[in-house]
Amino acid sequence: MKISGIKGFSDVLPGETEAWQFIEERAREIFARYNFSEIRIPILEKTELFSRSIGETTDIVEKEMYTFADQDAKGSLLTLRPEGTAGVVRAYVEAELYQVEPVRKLFYLGPMFRRERPQKGRLRQFYQIGAEVLGRGDPLVDAELLLLLSDFFVTVGLDGLTLELNSLGDVQCRPRYRQALLAFLKERGKKLCANCQRRMDRNPLRVLDCKEEGCMKVTQEAPSILGFLCTACQDHFEAVERLLRETRLDYKLNPRMVRGLDYYCRTTFEWTSARLGSQNAVAAGGRYDGLVQDLGGPSIPGVGFAMGMERIVLLLGMKETKRAPRPSLYLAWVGAPAEAWAFPVVHRLRRAGIAVEMEGEERSLKSQMRRADKLGAKLVLIVGEEELRAGKGIIRDMDRKEQFEVSLDRIEEDLSKRLVTANHEHEAR
Ligand code: HAM
């Protein structure tokens, strides 16, 4: 009996992994340019970390977390991380990273887990590339993160994205907005879905995020949060907008964007693509100035984002990438003595940094040449009994379709030299 994988959990197979590596490498380069360091945090955390940070009334905490009781005596509840921010902040507070260096720019890559309904661009295990800046409350860093994302999209060749921007205010001004919104919703309560009616009192902003048609219709006319910002939040938001204008980064205001996590304040954003259907956010994030303190640390501001790997791969259409690794050399051997000669030579060549492939069983030269071609080898070294006796092998340059003799006793130096030239020509094609 075959055992299949779990619904919403997918494999990334050879042929696809090259696209992933390409994206990850570009991300690492950009993060280095913006002075970010990598952080690696556990996949499993105490459940309360997420309920306290993401918020009890969010979809994620209410119904999407993979939570289970640990085998310990207390039956402590553990959860597979649904996102990275909470874990990063927990680690930051636990290690007191702020003691040594007041500003931390951190990035992470890895799988996240949400029990959502799987569909195109939406999985139950999905990968995020995320970044968090802790210790900076200024608007420059908000703009910097958006520019970093924009640079990243250009570098990987992703275009046609829209940046949507909003401010969610802070503890000073949001309560006033919350009240006004709640009053507005109360008047129209009957038209809202059961879920929104239930949680409206505890978290009216969630209603703005509801995808039910009735709720979307009602909230069309809802008051805008941008009309309620206090002076400090207003100044902050205007500064972010000015910096984006000065650096010519286009954006669209979206005062209805509330995000699916409760820790946000002030600047929030989403990069969306019209080509992704309903799961249109490629990257999203914002500021969370109260979170470090909520998780037991000092009052230190934070801001960050995360992007969805699968969605980037989908948009780049790189699923069937041609960037699969290619051996530089294929060693075709014929006869047992040639095999015995070839195995240690292949080992030495690999040690010398050359990507080499050879067969483990006797095959005709014709079938080996076909295989070398399929693998995309640049050079093929042909060695049979006759070649061994003469101390001379045959090299075939697969790109140029040329063939010549080489001396077998200096084969490593010879091949290293040839492959440098072949590599240059190969890349120029
Ligand atoms: P989020 O908006 O929940 O934010 O997720 C960020 C991105 O992860 C989304 O824009 C999307 O590309 C991807 N994503 C989310 N859920 C799925 C899914 N089920 N399947 C595939 N991709 C998905 C956060 O997670 C915040 N921690 C971002 C952040 C960091 N805010 C501040 N710092």
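Note that the coordinates shown come from a computational prediction; the quantities given were computed from them, not determined experimentally.

Engineer: I keep staring at the environment of Arg-389 and nothing clicks. Help me out?
Structural biologist: Here Arg-389 shows up in helix α15 (residues 385–390). For the pair Arg-389 and Gly-286, spaced 103 residues apart in sequence, the C-alpha separation works out to 70 Å.

Engineer: What is the right way to look at the layout of surface pockets in this model?
Structural biologist: If you roll a probe as big as a water molecule over the atoms, it shows you where there is empty space left. Of the pockets and cavities examined, the second largest pocket occupies roughly 650 Å³. In terms of lining residues, the second largest pocket is bounded by 30 residues, among which Val-171, Arg-174, Asp-262, Tyr-263 and Tyr-264 are the most central. Elements with a minimum of two residues in the lining of the second largest pocket: α2 (47–54), α7 (174–187), β9 (265–273) and α11 (291–294). When residues in the lining of the second largest pocket are grouped by element, the largest group, four residues, is from α2. When grouped by side-chain class, the residues that make up the lining of the second largest pocket number twelve nonpolar, six polar and twelve charged.

Engineer: Looking at this model, I keep getting lost on the environment of Pro-325. Mind explaining?
Structural biologist: Tracing the sequence through the fold places Pro-325 in the loop between α12 (309–316) and β12 (329–333). The class for Pro-325 is exposed, based on a relative accessible area of 66%. As a C-alpha pair, Pro-325 and Gly-391 span 66 residues in sequence and 31 Å in three-dimensional space.

Engineer: How should α2 be read in this particular structure?
Structural biologist: The periodicity of an α-helix, 3.6 residues per turn, causes residues three or four places apart in sequence to face the same way. The element α2 is largely enclosed, with a buried count of six among its eight residues. Of all the residues in α2, the buried ones are Thr-47, Leu-49, Phe-50, Ser-51, Ser-53 and Ile-54. Of the surrounding elements, those touching the buried residues of α2 are β2 (44–46), α3 (59–64), β3 (67–69), β4 (77–80), α4 (85–94) and α11.

Engineer: Hey, could you run me through the site of the ligand in this one?
Structural biologist: Not every one of the 26 residues close to the ligand is listed here, only the nearest: Glu-83, Glu-116, Glu-132, Arg-259 and Tyr-264. The contact in question runs from a nitrogen atom of the ligand to an N or O atom on the side chain of Tyr-263, over 3.0 Å. Here a nitrogen atom of the ligand sits 3.3 Å away from a polar atom, N or O, in the main chain of Phe-305. Burial of the ligand by the protein amounts to 96% of the accessible area it has alone, namely 660 Å². Listing elements by their share of the shell around the ligand, those giving two or more residues are β6 (125–134), β10 (281–287) and β11 (302–308). Per-element accounting of the shell around the ligand gives the leading share, six residues, to β10.

Engineer: Sorry if this is basic, but what is going on with the sheet that holds β11 here?
Structural biologist: Two strands in a sheet stick together by hydrogen bonds in their backbones, pointing the same way (parallel) or opposite ways (antiparallel). Read from one edge to the other, the open sheet built from eight strands follows the order β1-β5-β6-β11-β10-β9-β7-β8, with strand pairing classed as mixed. The sheet is open, and its two borders are formed by β1 (37–38) and β8 (252–253), each paired with just one other strand. Where β6 meets β11, seven bridges bridge the pair, whose relative direction is antiparallel. Bridge pairing in β11 links Gly-130 to Ala-306. Here helix α1 (residues 17–33) sits on the sheet and contacts β1, β5 (104–113), β6 and β11; the angle it forms with β6, its principal contact strand, is near 0°. Packed onto the sheet, helix α10 (residues 231–246) meets β7 (161–167), β8, β9 and β10 and runs at close to 160° relative to β7.

Engineer: I'm lost on the pattern of salt bridges in this one. Help?
Structural biologist: Pairing is possible between side chains that carry opposite charge, provided their charged atoms lie close to one another. Scanning the model with the defined rule gives 29 salt bridges in all. Between Arg-122 and Glu-116 there is a salt bridge, with the nearest N and O atoms lying 3.8 Å from each other. The exposure classification of Arg-122 matches that of Glu-116, with both residues buried. Here Asp-209 makes a salt bridge to Lys-211, at a shortest N to O gap of 3.4 Å. When its relative accessible area of 65% is taken as the criterion, Lys-211 is described as exposed. A cluster of three or more residues bridged by salt bridges with shared partners is formed by Asp-59, Glu-62, Lys-63, Arg-198 and Arg-199.

Calculation notes
- Residues numbered from 1 in each chain as written.
- Predicted model: local features only at pLDDT ≥ 70, side-chain atom pairs only at ≥ 80, totals over all residues.
- Heavy atoms only, no water.
- Helix = DSSP H or I, 4+ residues; strand = E, 2+ residues; numbered from the N terminus.
- 1 Å grid on protein atoms, 1.4 Å probe; cavity = no way out; pocket = protein on both sides within 12 Å on 5 of 7 lines; lining within 4 Å.
- Points joined across faces, edges and corners; volume = space filled by probe spheres on them.
- Nonpolar A, V, L, I, M, F, W, Y, C, P; charged D, E, K, R; others polar.
- Buried < 20%, exposed > 50% of the residue type's maximum accessible area, 1.4 Å probe, protein only.
- Contact = heavy atoms within 4.5 Å.
- Near = heavy atom within 4 Å.
- Polar contact = N/O pair within 3.5 Å; in protein donor to acceptor, adjacent residues only side chain to side chain.
- Areas by Shrake-Rupley, 256 points an atom, 1.4 Å probe, with all protein chains shown as cover.
- Pairing = 2+ DSSP bridges.
- Axes fitted to C-alpha atoms, helices over the stretch in contact; angles between N-to-C directions.
- Salt bridge = Lys/Arg side-chain N within 4 Å of Asp/Glu carboxyl O.

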